[in-house]
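Understanding the architecture of this molecule
Read off the chains here:
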Amino acid sequence: MSLHDDAVSVLDGYDGADAQQAELRLAYLDHLAGHPDGMWKACEAGHLTASALVIDPQRGRVLLTLHKKLRMWLQMGGHCEPQDTTLAAAALREATEESGIAGLVLLPGGPVRLDRHPIPAPCHRHLDVQYAVTATAGAVEQISDESLDLRWFPYDEVAGVADASVVRLLEDTRARLRQGR
């Protein structure tokens, strides 16, 4: 199965939390149907990306990266690569590379959220598929060359440093953790 096929399968099975998530799901599927290259950075009409919120539920905190280009505190994530076989694998790879933490574990249940956002030309938008990963106790982060900084934030401090998309991702991740799925 190709990464494109995996993305379609993942999105077909995605059960978003609200009407806006359902609309995004359909927009992502329409995009993939119209763009066989819609998984790749070269697709100037927009492309899917994969990200993951690194969470330490035992200590009630998340690891955010100060993105080098955007200069914003965000979850780990980025473009899919040819070696990625699934969206989940791409999200896990990005989280591991950008956090420097080995042994991250994807939260069960597939993507937590979808987030579409504009980006500078030549492309026009990212269609982000957002996952969550848990860090093991005592995990030590290591900054990558894609970040200006990495920092653990208690849950209640995230809204003060990150944009609304990260706050929503954290809220939905915490809800999934409470549900045990």
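Everything numeric here is computed off the predicted structure, so don't read it as measured data.

1. Remarks on the overall build of the protein
Helices and strands together make up the secondary structure of the protein, namely five helices and eight strands. When the helices and strands of the protein are read in sequence order from the N terminus, they spell out α-α-β-β-β-β-α-β-β-β-β-α-α. Computed over C-alpha atoms, the radius of gyration of the protein comes to 15 Å, within 12% of the 16 Å expected from 2.2 N^0.38 for 181 residues, which places it in the range of a compact globule. Put simply, 67% of the contacts in the protein that link residues at least 6 apart link residues at least 24 apart. Just so you have it, the protein exposes about 8,800 Å², and 53% of that area is on carbon and sulfur atoms.

2. Examining helix H3 (residues 87-99)
With 13 residues, H3 ought to run about 18 Å at 1.5 Å a step, and its terminal C-alpha atoms sit 18 Å apart, in line with that. Along H3, the residues that are buried comprise Leu-87, Ala-90, Ala-91, Arg-93, Glu-94, Ala-95, Glu-98 and Ser-99. Summarising the contacts, the buried residues of H3 are in contact with helix H1 (3-13), strand E1 (47-56), strand E2 (61-67), strand E4 (76-79), strand E7 (125-134) and strand E8 (147-154). Just beyond H3, the residue with positive phi is Gly-100, at close to 75°.

3. A word on the packing of aromatic side chains
Considering all chains together, one arrives at one aromatic pair under this definition. Relative to Phe-153, the ring of Trp-73 has its centre 5.0 Å away and its plane inclined at 75°; by these criteria the two rings are edge-to-face. Taken together, the residues span a long stretch of sequence, with Trp-73 in strand E3 (residues 73-74) and Phe-153 in strand E8 at a distance of 80 residues. The exposure class of Phe-153 is buried, given its relative accessible area of 4%. For the cation-ring pair, Arg-61 lies above Trp-152, with the distance from its terminal atom to the ring centre recorded as 4.0 Å.

4. Here's the deal with the pattern of salt bridges
With the rule as written, the count across this model stands at seven salt bridges. Across the salt bridge formed by Arg-93 and Glu-97, the nearest N and O atoms sit 3.3 Å from each other. A residue pair is termed a helical-turn pair when its members lie 3 or 4 positions apart in one helix, as Arg-93 and Glu-97 do in helix H3 at four residues. In this structure Glu-97 comes out as partly exposed when scored by relative accessible area, which is 40%. Through salt bridges with shared partners, one network takes in Asp-84, Arg-93, Glu-94 and Glu-97.

5. Focus on the state of the cysteines
Taken as a whole and judged by the stated rule, the model has zero disulfides. Cys-80 forms no disulfide, and the closest cysteine sulfur to it belongs to Cys-43, at a distance of 12 Å. By relative accessible area, which is 5% here, Cys-80 ends up buried.

6. A look at the pairing of E2
Counting buried positions over the seven residues of E2 gives six, a clear majority of the element. Two strands pair when backbone bridges link them, and E1 and E2 are joined in this way by three bridges, in the antiparallel orientation. The partner of Asp-56 across the bridge, within E2, is Arg-61. Hairpin connection from E1 to E2: four residues lie between these consecutive antiparallel strands, with Gly-60 at a positive phi of about 65°.

Criteria and cut-off values
The numbering scheme is per chain: residues are counted from 1 as the chain's sequence reads. At least 70 in pLDDT is required for a residue's local features to be given in this predicted model, at least 80 for side-chain atom pairs to be given and counted, and no such filter applies to totals for whole chains, interfaces and linings, which use all residues. In computing side-chain values, all of the structure's heavy atoms are included and hydrogens and water are not. The way it works is that DSSP assigns letters per residue, a run of H or I at least four long becomes a helix, a run of E at least two long becomes a strand, and they are numbered from the N terminus. Computation of the radius of gyration draws on C-alpha atoms alone. For the globule rule, the value is 2.2 Å times the number of residues to the power 0.38. Contacts are assigned to residue pairs with any non-hydrogen atoms lying within 4.5 Å of each other. Residue burial considers only the protein chains on display, and all accessible areas are found by Shrake-Rupley using a 1.4 Å probe. Under the convention used throughout, the expected extent of a helix is 1.5 Å for every residue step, that is, one less than its residue count. Only protein chains enter the calculation, and the probe is 1.4 Å; a residue is then buried if its accessible area is under 20% of its type maximum, exposed if over 50%, and partly exposed in between. Pairing of aromatic rings covers Phe, Tyr and the six-membered ring of Trp, with a centre-to-centre limit of 6.5 Å; geometry is then stacked below 30 degrees between planes, edge-to-face above 60, and tilted otherwise. Geometrically, a charge over a ring is one whose NZ (Lys) or CZ (Arg) sits within 6 Å of the ring centre while staying within 35 degrees of the ring normal. Within this document, salt bridges are pairs made up of a side-chain nitrogen of Lys or Arg and a carboxyl oxygen of Asp or Glu, the two lying within 4 Å of each other. The disulfide criterion used throughout: a pair of cysteine sulfur atoms within 2.5 Å. Strands qualify as paired when DSSP identifies two bridges or more between them.

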